[in-house]
Amino acid sequence: MRTPIIAGNWKMNNTINEGLKLIEEIKGFPRNGEAETVICVPFTLLSEAKKAIENTDIKLGAQDMYWEEKGAFTGEISPLMLKELGVEYCIIGHSERRQYFGETDENVNKKIKAALSHSIRPIVCVGETLEERESHIEKEIVERQLLLAFEGVDKKKVENIVIAYEPIWAIGTGKTASADDANDMISFIRQTIGNKCGDVKDKIRIQYGGSVKPENIKELMGKSDIDGALVGGASLDAEDFVDLINY
Ligand code: 13P
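So, how was this worked out
- Residues numbered from 1 in each chain as written.
- Predicted model: local features only at pLDDT ≥ 70, side-chain atom pairs only at ≥ 80, totals over all residues.
- Heavy atoms only, no water.
- Phe/Tyr/Trp six-rings, centres within 6.5 Å; stacked < 30°, edge-to-face > 60°.
- Buried < 20%, exposed > 50% of the residue type's maximum accessible area, 1.4 Å probe, protein only.
- Pairing = 2+ DSSP bridges.
- Helix = DSSP H or I, 4+ residues; strand = E, 2+ residues; numbered from the N terminus.
- Axes fitted to C-alpha atoms, helices over the stretch in contact; angles between N-to-C directions.
- 1 Å grid on protein atoms, 1.4 Å probe; cavity = no way out; pocket = protein on both sides within 12 Å on 5 of 7 lines; lining within 4 Å.
- Points joined across faces, edges and corners; volume = space filled by probe spheres on them.
- Nonpolar A, V, L, I, M, F, W, Y, C, P; charged D, E, K, R; others polar.
- Polar contact = N/O pair within 3.5 Å; in protein donor to acceptor, adjacent residues only side chain to side chain.
- Contact = heavy atoms within 4.5 Å.
- Core = buried A, V, L, I, M, F, W, Y, C linked by side-chain atoms within 4.5 Å.
- Arc of directions from axis to C-beta.
- Parallel < 35°, antiparallel > 145°, perpendicular 65-115°, else oblique.
- Left-handed = near helix turned anticlockwise from the far one by under 90°.

Chemist: It is not clear to me how the packing of aromatic side chains should be interpreted in this structure. Could you clarify?
Modeler: By convention here, two paired aromatic rings are described through the distance between centres and the angle between planes. Taken as a whole, this structure holds 4 aromatic pairs when the rule is applied. Seen from their ring centres, Tyr66 and Phe73 are 4.8 Å apart, and the 40° between their planes marks the pair as tilted. For Phe73, a relative accessible area of 33% puts it in the partly exposed group. Centroid distance Tyr100 to Phe101: 6.3 Å. Interplanar angle 85°. Geometry classified as edge-to-face. The exposure classification of Tyr100 matches that of Phe101, with both residues exposed. One aromatic cluster is present, built from ring pairs that chain together Tyr66, Trp67 and Phe73.

Next up, the structure:
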């Protein structure tokens, strides 16, 4: 049985005060405890957020990291630094980083290996653009992203990876992939992992992301291969986020 995982990606939102207020609000709503809950907060909030979630089952995540431990890489944050702050998860290869900050599949691969070697669980994002979907090459695109991302990754560690299938056209647009389409792609992702890494495909957790809301979570989570959600906008509202966790 794969434990469901609902992760909030706060993106570049919330100052320390705003973030702490949101965490207090989240803690104020009852959660049923079945799904693993992660909040991926901005770097500036990691330290305070860690203290605020102490004695809860909420896990701490970052939104990106560099692959080297230290050195002359101005502006970057290393896995050692994240580990020191109690970070358990790190989003890697989000489409916004690929689109606006030149993140390549090669970088994603290096970051995954670095995260795993520091016992940080990567949440690896893959997904196609609208143009690619309309040209019916979405599976080819996602397969390529996966094969490059997993190149040379220690098979014994693959089960610590979470994959997030986030079709770019569904992010922040209010358009969700239908639950059937999301499940179809996620089954394909599981198969692709199986071809590359073997039986671990049945253990690895694969989320859907893109305009996930309290209104559509139940249907998505009812599908055979969908193990959770990576949530942007709706994770910034405590009541909505807890509704998602309690799907
Ligand atoms: P939205 O939920 O706002 O569409 O964002 C999805 C996302 O990019 C999560 O990483």
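Don't stop here, the text continues.
Chemist: Hey, could you run me through the sheet that holds strand β8 (residues 228-231) in this one?
Modeler: By way of backbone hydrogen bonds, the strands of a sheet pair with one another, either parallel or antiparallel. A barrel is described by the order of its strands in space; here 8 strands give the closed sequence β1-β2-β3-β4-β5-β6-β7-β8, paired in parallel fashion. Looking at each pair of strands side by side, their axes are set apart by 25° on average, direction ignored.

Chemist: What should I look at first to understand the layout of surface pockets in this one?
Modeler: In this approach the atoms are scanned with a rolling probe the size of a water molecule, which exposes any empty space left behind. Of the volumes computed, that of the largest pocket is approximately 410 Å³. In terms of lining residues, the largest pocket is bounded by 15 residues, among which Lys11, Met12, Gln63, Arg97 and Phe101 are the most central. In terms of residue count, helix α4 (residues 95-101) provides more of the lining of the largest pocket than any other element does, 4 residues in total. Its residues placed into classes, the lining of the largest pocket shows 7 nonpolar, 4 polar and 4 charged. The calculated volume of the second largest pocket comes to roughly 240 Å³. The wall of the second largest pocket is formed by 15 residues, among which Arg98, Gly127, Thr129, Gln145 and Ile168 lie closest to the centre. Elements represented by at least two residues in the lining of the second largest pocket include exactly α4, β5 (121-126) and α7 (138-149).

Chemist: Any chance you could explain the side chain of Arg133 here in plain terms?
Modeler: With respect to the helices and strands, the residue Arg133 is situated in helix α6 (residues 130-134). Looking at Arg133, the relative accessible area reads 18%, which means it is buried. A distance of 3.2 Å separates polar atoms of two side chains, one belonging to Arg133 and the other to Tyr165. Once you skip the residues sitting within four places of it in the chain, Arg133 turns out to touch Glu128, Glu138, Tyr165, Trp169, Asp181 and Met185.

Chemist: Is there a simple way to think about the nonpolar core in this case?
Modeler: In globular proteins that are soluble, nonpolar side chains generally tend to be buried together. Counting 67 residues, the largest nonpolar core has Phe150, Ile163, Ile189, Ile193 and Tyr208 as the members making the most contacts within it. Considering each element in turn, this core owes the most residues, 7 residues, to helix α8 (residues 179-197). Excluding anything up to four places from it in sequence, Ile193 contacts Leu146, Phe150, Val158, Ile163, Gly198, Val200, Lys201 and Ile204. Counting residues in each nonpolar core, the second largest holds 11 residues, with Ala7, Val38, Ile91 and Leu230 among its members.

Chemist: Help me out: how do you make sense of helix α10 (residues 238-245) in this one?
Modeler: Along an α-helix, a turn takes 3.6 residues, which lines up residues three or four apart on a common side. Every buried residue of α10 is listed here: Ala238, Phe241, Val242, Leu244 and Ile245. Down the axis, α10 shows its buried residues gathered within 155° of arc, on one side only. Looking at the buried residues of α10, the elements they touch are β1 (5-9), α1 (16-28), β2 (36-40), α9 (214-221) and β8. Its side-chain oxygen at 3.2 Å from the backbone nitrogen of Glu239, Asp237 defines the N-terminal cap of α10.

Chemist: How should I be thinking about the packing of α1 against α10 in this particular structure?
Modeler: When two helices pack together, their arrangement is given by the angle between the helix axes and by the axis-to-axis distance. At a closest axis distance of 9 Å, the pairing of α1 and α10 adopts a crossing angle of 45°. Classified by the angle between their axes, α1 and α10 sit oblique to one another. Here α1 and α10 pass one another in a crossing that is right-handed. Taken together, the residues of α10 that come into contact with α1 (itself represented by Leu22, Glu25 and Ile26) are Ala238, Phe241 and Val242. Split by residue class, the contact of α1 with α10 holds 5 nonpolar, no polar and 1 charged.

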